[in-house]
Amino acid sequence: MNLNYYKVTGDEKIKLSDYPTTENKTNDNEKIRDEIIPPLVKKLKDLHMKMNAEEKHGILVVLQALDAAGKDESISHIFVNLNPQGLKTTTLSKPTEEEMKHDYLWRLHNALPARGEVGILNRSHYEEVIAPRIHDVLLEGDYPEGADETTIWSLRFEQIRNFEKYLYQNNFHIVKFFFHMSKDEQKRRLLERMKNPDKQWEFSFSDVEEREHWDEYQKVFEDMLNETSTDYAPWFVLPADDEWHSRRLVNEIMLDLLERLDPKYPETTGEDKEKLEEYIKRLEKE
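Residues numbered from 1 in each chain as written. Predicted model: local features only at pLDDT ≥ 70, side-chain atom pairs only at ≥ 80, totals over all residues. Heavy atoms only, no water.

Once that is clear, we can look at a negative patch on the surface. Side chains of E271, D272, E274 and E277 sit close together on the surface and give a patch of like negative charge. Looking at where D272 falls in the secondary structure, it is placed in helix α9 (residues 270–285). (Patch = residues over 30% accessible without salt bridge, like charges linked within 9 Å, V, L, I, M, F, W, Y side chains within 5 Å. Areas by Shrake-Rupley, 256 points an atom, 1.4 Å probe, with all protein chains shown as cover. Salt bridge = Lys/Arg side-chain N within 4 Å of Asp/Glu carboxyl O. Lys, Arg positive; Asp, Glu negative; His and termini not counted. Charge placed at Lys NZ, Arg CZ, Asp CG, Glu CD. Helix = DSSP H or I, 4+ residues; strand = E, 2+ residues; numbered from the N terminus.)

Okay, here's the thing in structure tokens:
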């Protein structure tokens, strides 16, 4: 599978509309779920165990989308299988009063992974260049000197690029998934939640209200992808109407990154190795 097909390189401007929301893979759901994904998950788990033991690299995973596009399901079907000691999941929802007293990236720090960890952002710092832009809710203190409502977004894009480059230069790798969903498919999924008593807890009235801004969101998402996809922190646009196909792609892309990092279990050497052999003999004599 050519994963570069889904990758926004940042070399040239893209049109979000050129990326399909479906590749007509829904008929393959059972095969993908039962035959393709399980061995991929096993490979991912094995590599993650090595990365967690090696403690050389960290990975920050960004999941970004409109509601019902499949972020939560990717966590529950893919990432939940990883070693919990090396996994950290954070949802950056509406800022608290305390968080609003700081710069907009301040609250991100507690969500960052340590070396050896995969940190997942289910909603992320990118919320700060999406919702405030749609709803015009920035406060006076949010504008740096010389910035206004026409320049603040390009400034924030630059700051995010620089922040992600800083992380990358310190062995923290960023991979960003945008779940590209059609308006009709979101409607179908929202109605399913609303009509099913077992799923109504997942529904929020704001999910329907935000659909009024659908076209604005598509424009903002397109700007986000164009302005913040880099070689060190690329975006991948997933055809989110195909739920299981999208989950497979998440797994494949994570595998590709981990295979390139090539983590290895630490070797026991020197005095520790001699002591280990001594203790093996001691236990064998018991």
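Take the sheet that holds strand β4 (residues 118–122) next. With respect to topology, six strands assemble into an open sheet ordered β1-β6-β5-β2-β4-β3, the strand pairing being mixed. Bordering the open sheet on either side are β1 (7–8) and β3 (87–90), each of which pairs with just one other strand. The pairing of strand β2 (residues 58–64) with strand β5 (residues 172–180) spans seven bridges and is parallel. Across the sheet, residue L60 finds its bridge partner in β5, namely I174. (Pairing = 2+ DSSP bridges.)

Inspection of the secondary structure puts R211 in the loop between α6 (205–209) and α7 (214–228). Summary of buried charges: R211 has no salt-bridge partner, and the nearest side chain of opposite charge, D184, is 5.7 Å away. When near neighbours in sequence (up to four residues on either side) are disregarded, R211 contacts K183, Q186, K187 and L190. (Buried < 20%, exposed > 50% of the residue type's maximum accessible area, 1.4 Å probe, protein only. Contact = heavy atoms within 4.5 Å.)

This brings us to a nonpolar patch on the surface. Taken together, the side chains of L191, M194 and V208 present a nonpolar region at the surface, about 210 Å² in accessible area. Structurally, L191 is set in helix α5 (residues 183–195).

On to the nonpolar core, then. Core analysis: the largest hydrophobic core is formed by 75 residues, its most contacted members being I59, V61, F79, V175, F177, F179 and M254. Of all the secondary structure elements, the ones that give two or more residues to this core are α1 (29–54), β2, β4, α4 (152–169), β5, α7, β6 (235–239) and α8 (243–261). By residue number, the principal contributor to this core is α8, which donates nine residues. In this view, V61 contacts F79, V118, G119, I120, L121, V175, F177 and M254; residues no more than four positions away in its chain are not counted. (Core = buried A, V, L, I, M, F, W, Y, C linked by side-chain atoms within 4.5 Å.)

Interhelical geometry of α4 versus α7 gives an angle of 45° and a closest axis separation of 10 Å. Here α4 lies oblique to α7, going by the angle between them. At the point where α4 passes α7, the crossing takes the right-handed sense. Residues F157, I160, R161 and E164 of α4 form the contact with α7, whose participating residues are D223, M224, E227 and T228. Of the residues belonging to the contact of α4 with α7, the class tally is three nonpolar, one polar and four charged. (Axes fitted to C-alpha atoms, helices over the stretch in contact; angles between N-to-C directions. Parallel < 35°, antiparallel > 145°, perpendicular 65-115°, else oblique. Left-handed = near helix turned anticlockwise from the far one by under 90°. Nonpolar A, V, L, I, M, F, W, Y, C, P; charged D, E, K, R; others polar.)

Under the counting rule described, the total for this entry stands at six aromatic pairs. Seen in terms of ring centroids, F178 and F221 are 4.7 Å apart; in terms of plane orientation they differ by 55°. Their pairing is tilted. Of this pair, F178 sits in strand β5 while F221 sits in helix α7; the two residues are 43 residues apart in sequence, bridging distant segments of the chain. F221 matches F178 in its accessibility class, with the two residues each being buried. (Phe/Tyr/Trp six-rings, centres within 6.5 Å; stacked < 30°, edge-to-face > 60°.)

This part covers the packing of α1 against α8. Where α1 contacts α8, the axes come no closer than 9 Å and their chain directions differ by 25°. The angle between α1 and α8 falls in the class roughly parallel. Where α1 crosses over α8, the two elements pack in a sense that is left-handed. Two secondary-structure elements touch here, α1 through N29, I32, R33, I36, I37, L40, V41, K43, L44, L47, H48 and M51 and α8 through W244, H245, R247, R248, N251, E252, M254, L255, L258 and E259. Grouping the constituent residues of the contact of α1 with α8 by class yields 12 nonpolar, four polar and six charged.

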